[in-house]
Amino acid sequence: MMRLSGRFRSALIIGLQGIRSRKTRTLLSMVSLFLGVLAVVVVQAGASIAERALLADMELQRGIDGTKVMGMAPQPRVSEIIMDTVPGRDDAVAVVGVSAIIGEPGVRPVNPNASPFDEIGFYGMPMVCDATGNCREQTSAEAGPEGQAIEVRLTALTGDIRQFKPFRPESGQWLDFGSMPMMAPRLVLNKEAVKGFERYKVPAEMRVPGASANMTPQLIGVVDDGDYQPRAYVRMDEMANWIPATKLVDPSMGEMNVLMTGNTPVEQVLTSKLKAINAEPYVELINSRKDQEKELALMRLIFLSMAGLVLLIGVAGILNVGLATVGERVEEFALRRAVGTPRALLAGIVLAETLITGLLTAALAIGVSAVALKGVVMVAGNSEPFLQGVVFPWDAGVAGVIAGLIAGVLGGFVPAVRAAGIPIATVMRA
């Protein structure tokens, strides 16, 4: 073991001396290999950042991994059960969504069905449903004349939903569930809803089906929730001042969900109560990373394959430089053989040079990538939220080191074998 360690140390020392004495050839080898290793590092880092961005957007829309979402049909009795069970708990939040129109009373909103403001009219006219669930499209006469009003999806919450969906604050503040409810409901808008208030001058009057009167809302903040529809978030207890929980139900386009932690007893209690009234709930466990695992792995494999082709070009460059170097050092290697240097040590000397070159190139590529990523975060971090707090991923650095070692082995193997095979008689011919 000590003898092997001594040979390794000798090969490393002689290899470093060879690199120092042939700086130009070493530089040429590094230049040919740099782009290949850089491609591997950039692809690995890019895949990690893309995975983070994809999962971040899915967390906004679906929820954090491990969250349980209980869905049920929007019915008055279901609403009563939810309001009797969920409010006041930290491990569950009830979400009830209905349509709300903000603006002039008695007019048709500019975006029926709360359609995005860049796609007005895409969703057609609102639907009208009777008590039996039969729905039809609302006529223009029923919808009222055109006016200055916008429609949003009003989402009433029993608690802070951000523990399950990490909404990104844009401006203002989020709903304060620790204060007393107000008669003027406080609304937090999403980015799509803000477009409507920027493009249209609408009065601060909100009407919700089933409410005792129109309300005057307070706009207190803006968040990025990843939703393409205009949406406003409000406290459930502030809506209760105007509309009973049993009427905060839209059978045509309503939303009624409960977001829970994985180990809360709320799930069992709600399931029992709902089944007692023949309302069968369905529960989904959010696991976005596992759901997207195959797609992410395929994306990473495709880009790594492309980077591998670039790396092979760099390996070819090291191979050519290594063969040329061995050709120039034939007499040196033959002389070493004549004085008793083992063939394995000669091969180790050549291989040590290419490995050191590969590692130096990998270090340079990793450093350039890390500096470039830091610059991108500083420039674009404010406009792209998923870049905030991004640091250079360690797996990209590991991939770069592995790529450098592989390139050093592949590029130095043939020259090492050739150096080991040089006969002693060559020094006599010199």
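- The name an unreviewed UniProt entry gives the protein chain is ABC transporter permease, with Actinoplanes hulinensis as the organism.
- Regarding the protein chain, the relevant UniProt record gives this comment under Subcellular location (unreviewed entry): "Cell membrane".
- Under the Sequence similarities (unreviewed entry) heading, UniProt states for the protein chain: "Belongs to the ABC-4 integral membrane protein family."

**What about the overall build of the protein chain?**
Thinking step 1. Broken down by element type, the protein chain carries 13 helices and twelve strands.
Thinking step 2. A total of 430 residues make up the protein chain; the buried ones form 46% of that total.
Thinking step 3. A sequence separation of at least 24 residues applies to 85% of the contacts in the protein chain between residues at least 6 apart.
Thinking step 4. Element-wise, carbon and sulfur atoms account for 62% of the exposed surface of the protein chain, whose accessible area totals about 21700 Å².

**Remarks on the UniProt feature "transmembrane region" (unreviewed entry) in the protein chain**
Thinking step 1. In the UniProt entry, the feature "transmembrane region" (unreviewed entry) is given for residues 297-323, 344-372 and 392-414.
Thinking step 2. Helix makes up 100% of residues 344-372 and strand 0%. Its end C-alpha atoms lie 41 Å apart.
Thinking step 3. Between the first and last C-alpha atoms of residues 392-414 the distance is 35 Å; the span itself is 91% helix and 0% strand.

**Description of the environment of Pro-145**
Thinking step 1. Tracing the sequence through the fold places Pro-145 in the loop between helix H4 (140-143) and strand S5 (149-157).
Thinking step 2. Pro-145 gets classed as exposed once you look at its relative accessible area, which sits at 52%.
Thinking step 3. Beyond its immediate sequence surroundings of up to four residues, Pro-145 is in contact with Gly-106, Val-107 and Arg-108.

**Notes on the layout of surface pockets**
Thinking step 1. Roughly 400 Å³ of volume is contained in the second largest pocket.
Thinking step 2. Lining the second largest pocket are 21 residues, with Gln-61, Lys-165, Arg-231, Glu-255 and Asn-257 positioned closest to its centre.
Thinking step 3. Sorting the residues of the lining of the second largest pocket by element identifies helix H2 (23-61), strand S1 (68-71), strand S10 (231-235), strand S11 (255-260) and strand S12 (282-285) as the ones contributing at least two each.
Thinking step 4. Take the lining of the second largest pocket: its biggest share by element is three residues, from S11.
Thinking step 5. Residues that form the lining of the second largest pocket fall into these classes: nine nonpolar, five polar and seven charged.

**Some words on unusual backbone geometry**
Thinking step 1. Phi at Asn-113 is positive, roughly 65°, even though this residue is not glycine.
Thinking step 2. The topology assignment puts Asn-113 in the loop between strand S2 (92-103) and strand S3 (127-129).

**Thoughts on the pairing of S11**
Thinking step 1. In this structure, S1 lies alongside S11, joined through four bridges in antiparallel fashion. Residue pairing across strands places Val-69 opposite Leu-259, the latter belonging to S11.
Thinking step 2. As paired elements, S2 and S11 share six bridges and run antiparallel to each other. Considered in S11, the bridge of Val-95 is made with Asn-257.

**Brief notes about the packing of helix H9 (residues 293-328) against helix H10 (residues 330-338)**
Thinking step 1. The contact between H9 and H10 brings their axes to 4 Å, and the two run at 65°. Here Val-326, Gly-327 and Glu-328 of H9 come into contact with H10, specifically with Val-330, Glu-331 and Phe-333.
Thinking step 2. Split by residue class, the contact of H9 with H10 holds three nonpolar, one polar and two charged.

**Details of the packing of H9 against helix H12 (residues 394-420)**
Thinking step 1. With their axes 9 Å apart at the nearest point, H9 and H12 run at an angle of 35° to one another. Where H9 crosses over H12, the handedness of that crossing is right-handed. Contacts from Arg-300, Leu-311, Val-315, Ile-318, Leu-319, Gly-322, Leu-323 and Val-326 in H9 reach Asp-395, Ala-403, Ala-407, Leu-410, Gly-411, Val-414, Pro-415, Arg-418 and Ala-419 in H12.
Thinking step 2. Along the lines of polarity and charge, the residues of the contact of H9 with H12 split into twelve nonpolar, two polar and three charged.

Definitions and cut-offs
Residues numbered from 1 in each chain as written. Predicted model: local features only at pLDDT ≥ 70, side-chain atom pairs only at ≥ 80, totals over all residues. Heavy atoms only, no water. UniProt positions renumbered as here; feature names shortened; annotations may be inferred. Helix = DSSP H or I, 4+ residues; strand = E, 2+ residues; numbered from the N terminus. Buried < 20%, exposed > 50% of the residue type's maximum accessible area, 1.4 Å probe, protein only. Contact = heavy atoms within 4.5 Å. Areas by Shrake-Rupley, 256 points an atom, 1.4 Å probe, with all protein chains shown as cover. 1 Å grid on protein atoms, 1.4 Å probe; cavity = no way out; pocket = protein on both sides within 12 Å on 5 of 7 lines; lining within 4 Å. Points joined across faces, edges and corners; volume = space filled by probe spheres on them. Nonpolar A, V, L, I, M, F, W, Y, C, P; charged D, E, K, R; others polar. Pairing = 2+ DSSP bridges. Axes fitted to C-alpha atoms, helices over the stretch in contact; angles between N-to-C directions. Left-handed = near helix turned anticlockwise from the far one by under 90°.

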